[in-house]
Amino acid sequence: MASDPKVHVFEDVSKHNKTKDCWLIINGKVYDVTPFMDDHPGGDEVLLSATGKDATNDFEDVGHSDSAREMMDKYYIGEVDMATVPSKRVYVPPQQTAYNPDKTSEFVVKILQFLVPLVILGLAFAVRQYTKEK
């Protein structure tokens, strides 16, 4: 590692998000993993999906080996200014319709949608039978 690491701004690092130019932020350090794209066991898609954000959680969740962690040293290019890294987004679930325990009106409509055609069919059948006999 360099004795005086270069400090990168998040916006600059996030621009490097292509197969031929890929930088990652892991534990506040910036890595140019472009030469490793073809050799990564998970494929280049895994690395590309970790660009443009702090990829620390993505990296740690996989459980990389000690040799993989040592290999990172040769791709190290500097630090990231953590003040420029956007805070993690909090998941906000979509608004749901309020639960309606009294679904009487919906139930009545469904019953009527089923019964009205049956009543009409029954009446038509009864009229036909009545007129046929006479």
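In this text, all values refer to a predicted model and were calculated from it rather than measured experimentally.

1. Regarding the overall build of the protein
Consideration 1: When helices and strands are counted, the protein shows 5 helices and 5 strands.
Consideration 2: Counted from the first residue to the last, the protein has its helices and strands arranged as β-α-β-β-β-α-α-α-β-α.
Consideration 3: The buried share of the protein, reckoned over its 134 residues, is 24%.
Consideration 4: Sequence-distant contacts in the protein: of pairs separated by 6 or more residues, those separated by 24 or more amount to 67%.
Consideration 5: Surface accessibility of the protein: about 10400 Å² in total, with carbon and sulfur atoms responsible for 58%.

2. Looking at the pattern of salt bridges
Consideration 1: Across all of its chains, the model carries 3 salt bridges by this definition.
Consideration 2: Where Lys53 meets Asp58, a salt bridge forms, and the shortest distance between an N and an O atom there is 2.9 Å.
Consideration 3: For Lys53, a relative accessible area of 35% puts it in the partly exposed group.
Consideration 4: Here Glu60 makes a salt bridge to Arg69, at a shortest N to O gap of 3.0 Å.

3. As for the UniProt feature "transmembrane region" (unreviewed entry) in the protein
Consideration 1: Sites flagged by UniProt as "transmembrane region" (unreviewed entry) map to residues 107-127.
Consideration 2: Summarising residues 107-127: 100% helix, 0% strand, and an end-to-end C-alpha distance of 30 Å.

4. What about the side chain of Thr56?
Consideration 1: With respect to the helices and strands, the residue Thr56 is situated in helix α3 (residues 56-62).
Consideration 2: You can call Thr56 buried: its relative accessible area is 13%.
Consideration 3: Apart from the residues within four sequence positions on either side, Thr56 is in contact with Ile25, Ile26 and Asn27.

5. What about the sheet that holds strand β5 (residues 76-80)?
In a beta sheet, neighbouring strands pair by backbone hydrogen bonds and run either parallel or antiparallel.
Consideration 1: The 5 strands are arranged β1-β5-β4-β3-β2 in an open sheet whose pairing can be described as mixed. Both outer strands of the open sheet, β1 (7-8) and β2 (17-18), are each paired with one neighbouring strand and no more.
Consideration 2: Bridge count between strand β3 (residues 21-26) and strand β4 (residues 29-32): 4 bridges; the pairing is antiparallel. Of the residues in β4, the one forming a bridge with Ile26 is Lys29.

6. Focus: the packing of aromatic side chains
Given two aromatic rings, their pairing is described by the distance between the two centres and the angle made by the two planes.
Consideration 1: Scanning the model with the defined rule gives 2 aromatic pairs in all.
Consideration 2: Here Phe36 and Tyr75 contribute two aromatic rings whose centre-to-centre distance is 5.6 Å and whose plane-to-plane angle is 40°, an arrangement assigned as tilted. With Phe36 in the loop between β4 and α2 (44-49) and Tyr75 in the loop between α4 (66-71) and β5, this residue pair connects regions lying 39 residues apart in the sequence.
Consideration 3: You can call Phe36 buried: its relative accessible area is 15%.

7. A look at the nonpolar core
Consideration 1: In terms of nonpolar packing, the biggest core is built from 14 residues, with Cys22, Leu24, Ile26, Tyr31, Val33 and Leu47 touching the most fellow members.
Consideration 2: For this core, the element with the most residues is β3, which contributes 3 residues.
Consideration 3: Once you skip the residues sitting within four places of it in the chain, Val33 turns out to touch Cys22, Leu24, Leu47 and Tyr75.
Consideration 4: Within the second largest apolar cluster, 7 residues are counted, among which are Val13, Ile25, Val30 and Val80.

8. Focus: the pairing of β5
Regular strands show a simple pattern: their side chains alternate between the two faces of the sheet.
Consideration 1: Note that β1 and β5 share 2 bridges and pair parallel. Considered in β5, the bridge of His8 is made with Val80.

Rules used throughout
- Residues numbered from 1 in each chain as written.
- Predicted model: local features only at pLDDT ≥ 70, side-chain atom pairs only at ≥ 80, totals over all residues.
- Heavy atoms only, no water.
- Helix = DSSP H or I, 4+ residues; strand = E, 2+ residues; numbered from the N terminus.
- Buried < 20%, exposed > 50% of the residue type's maximum accessible area, 1.4 Å probe, protein only.
- Contact = heavy atoms within 4.5 Å.
- Areas by Shrake-Rupley, 256 points an atom, 1.4 Å probe, with all protein chains shown as cover.
- Salt bridge = Lys/Arg side-chain N within 4 Å of Asp/Glu carboxyl O.
- UniProt positions renumbered as here; feature names shortened; annotations may be inferred.
- Pairing = 2+ DSSP bridges.
- Phe/Tyr/Trp six-rings, centres within 6.5 Å; stacked < 30°, edge-to-face > 60°.
- Core = buried A, V, L, I, M, F, W, Y, C linked by side-chain atoms within 4.5 Å.

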